[in-house]
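# Structural description and commentary
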There are 2 protein chains.
Amino acid sequence: MQHLPPDECRELLHAKAVGRVAFSGPEGPQVLPVNYVVLHGSIYFRTASGGTLANAVRDSRVAFEIDDIDDFLQSGWSVVAVGDAEFVDDPELLAELWGEHGPKPWAIGLRNQFVRITPLRLTGRRVLQT
Amino acid sequence: MQHLPPDECRELLHAKAVGRVAFSGPEGPQVLPVNYVVLHGSIYFRTASGGTLANAVRDSRVAFEIDDIDDFLQSGWSVVAVGDAEFVDDPELLAELWGEHGPKPWAIGLRNQFVRITPLRLTGRRVLQT
């Protein structure tokens, strides 16, 4: 197992479209997949306003994970960002997020709450079979 | 988005080799990928004895997530199991876990602590683009 330098972690954050948000819910740890984009170094995803996820992550410390794993080759990488989740309320940023580069949820349903995770710690690791 | 019935969630748990454990670490929520197997309805993975993951999850509520997501088709499924993580100390079970059906960590390093997650809640969802 090889630890990845921060620069490579930052680069890999752009490599995927879906990550997993881990947070403390009302009934303990939870983890859910979300579509996301990286913009100005932060992670953005959309969720239902007033929903469970929105309420649980607002102004809370969360962990965000992406990975690319090949079961057959038994190799891959993962990157974890730890940071505080905030609702986005800056109009300029909202305009950008509603534009073509913003995150597009795949699931049907109103998901009009943009959430930002600004990474405080970014760690990554790679496993390669020899 | 379609919610999956418990039977299908249980079946899908067998579909993958790597999942992600979300837990409350000393510095807040964390999430890490692990190799796992499902045996007698529980999830088992191996980690380093005395390591950060082992200490953080022992006798704690955790969430375990697997998914299969196609970025291109923008579709896929995810299953989340919530339950308590325990160290395995039953000799018969350890013999089984050390056998050919036990979880095999890909990363190098001593990972001799088997951890069991017995799902208390199992939820799943599927997203299909039309």
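Residues numbered from 1 in each chain as written. Chains lettered and ligands numbered in written order. Predicted model: local features only at pLDDT ≥ 70, side-chain atom pairs only at ≥ 80, totals over all residues. Heavy atoms only, no water.

Residues and elements named next belong to chain A. As enumerated under the stated definition, the model contains 22 salt bridges over all chains in all. A salt bridge links R20 to D67; its shortest N-O distance comes to 3.6 Å. Note that R20 is positioned in strand 2 (residues 18-25) and D67 in strand 6 (residues 60-70), a separation of 47 residues in sequence. With relative accessibility at 6%, the residue D67 sits in the buried group. With a closest N to O distance of 3.1 Å, E86 and R116 form a salt bridge. (Salt bridge = Lys/Arg side-chain N within 4 Å of Asp/Glu carboxyl O. Helix = DSSP H or I, 4+ residues; strand = E, 2+ residues; numbered from the N terminus. Buried < 20%, exposed > 50% of the residue type's maximum accessible area, 1.4 Å probe, protein only.)

What follows deals with the relation of the copies chain A and chain B. Once chain A is rotated about the relating axis by 180° and shifted along it by 0.0 Å, it coincides with chain B to within an RMSD of 0.0 Å. Overall, the copies show the geometry of a two-fold rotation axis. No C-alpha of chain A lies nearer the rotation axis than that of A22 of chain A, which sits 2.9 Å from it. Counting the interface residues of chain A, we find that 100% of their copies in chain B are interface residues as well, pointing to one common contact surface. (Least-squares fit on C-alpha atoms with pLDDT ≥ 70 in both. Contact = heavy atoms within 4.5 Å.)

All right, on to the interface of chain A and chain B then. Between chain A and chain B, the contact holds 37 residues from the first and 37 residues from the second. Between chain A and chain B, roughly 3000 Å² of surface is buried when both sides are summed, and carbon and sulfur atoms account for 59% of that area. Among the residues of chain A in contact with chain B, P29, V31 and W106 of chain A are the three that bury the most area, contributing 24% of the side total. Counting across the chain A and chain B interface gives 6 salt bridges. Across the pair E65 of chain A and R20 of chain B runs a salt bridge whose closest N-O atoms are separated by 3.5 Å. Inspection of the region where chain A meets chain B yields 6 residue pairs in polar contact (both at pLDDT 80 or more). Taken together, the elements giving at least two residues each to the side of chain A that touches chain B come down to strand 2, strand 3 (28-35), strand 6, strand 7 (75-87) and strand 8 (113-127) of chain A. (Buried area = accessible area lost by both parts, 1.4 Å probe. Polar contact = N/O pair within 3.5 Å; in protein donor to acceptor, adjacent residues only side chain to side chain.)

A separate point is a negative patch on the surface. Together, D89, D90, E92 and E96 of chain A give the surface a local cluster of negative charge. Here D89 of chain A shows up in the loop between strand 7 and helix 3 (91-97). (Patch = residues over 30% accessible without salt bridge, like charges linked within 9 Å, V, L, I, M, F, W, Y side chains within 5 Å. Areas by Shrake-Rupley, 256 points an atom, 1.4 Å probe, with all protein chains shown as cover. Lys, Arg positive; Asp, Glu negative; His and termini not counted. Charge placed at Lys NZ, Arg CZ, Asp CG, Glu CD.)

With that settled, consider the environment of A17 of chain B. Following the sequence through the fold, A17 of chain B ends up in the loop between helix 1 (6-12) and strand 2 (18-25). Judged by its relative accessible area of 25%, A17 of chain B falls in the partly exposed class. Taking the C-alpha atoms as reference points, A17 of chain B and G76 of chain B, separated by 59 residues in sequence, lie 16 Å from one another. In contact with A17 of chain B, not counting residues within four places along its chain, are D71 of chain A together with V34, N35 and Y36 of chain B.

Another aspect to go through is unusual backbone geometry. Phi is positive for D59 of chain A, which is not a glycine, with a value near 55°. Counting through the fold element by element, D59 of chain A comes out in the loop between helix 2 (52-57) and strand 6.

A word on the packing of aromatic side chains. Residues and elements named next belong to chain A. Following the criterion strictly, the structure yields 4 aromatic pairs over all chains and no others. Ring centres of Y36 and F64 lie 4.8 Å apart, and the angle between their planes is 70°; this geometry places the pair in the edge-to-face category. Taken together, the positions of Y36 in the loop between strand 3 and strand 4 (37-39) and F64 in strand 6 put the pair 28 residues apart, joining distant regions of the chain. (Phe/Tyr/Trp six-rings, centres within 6.5 Å; stacked < 30°, edge-to-face > 60°.)

Take the pairing of strand 6 (residues 60-70) of chain B next. Looking along a regular strand, one sees the side chains alternate between the two faces of the sheet. Residues and elements named next belong to chain B. Pairing of strand 2 with strand 6 involves 3 bridges; the strand directions are antiparallel. Paired with R20 across the two strands is E65, which belongs to strand 6. Two elements, strand 6 and strand 7 (residues 75-87), share 11 bridges in a ladder whose sense is antiparallel. Opposite D67, over in strand 7, you have S78 as the bridge partner. Between the antiparallel neighbours strand 6 and strand 7 lie 4 residues, among them Q74 with a positive phi of about 50°. (Pairing = 2+ DSSP bridges.)

Within chain A, residue pLDDT values average 92, and 98% of them lie at 70 or more. Predicted as a complex, the structure gets a pTM of 0.93 and an ipTM equal to 0.90. (pLDDT = per-residue confidence, 0-100.)

Residues and elements named next belong to chain A. For N35, the location among the structural elements is in strand 3. Owing to a relative accessible area of 15%, N35 belongs among the buried residues under this scheme. Excluding its chain neighbours within four sequence positions, the residues that come into contact with N35 are A17, V18, Y44, F45, R46, P103, K104, P105 and W106.

Looking at where F23 of chain A falls in the secondary structure, it is placed in strand 2. For F23 of chain A, a relative accessible area of 5% puts it in the buried group. Sequence separation of F23 of chain A and A85 of chain A is 62 residues, and the distance between their C-alpha atoms is 9.7 Å. With near-sequence residues (within four places) excluded, F23 of chain A lies in contact with G28, P29, Q30, L32, L53, A56, V57 and V62 of chain A together with P29 of chain B.

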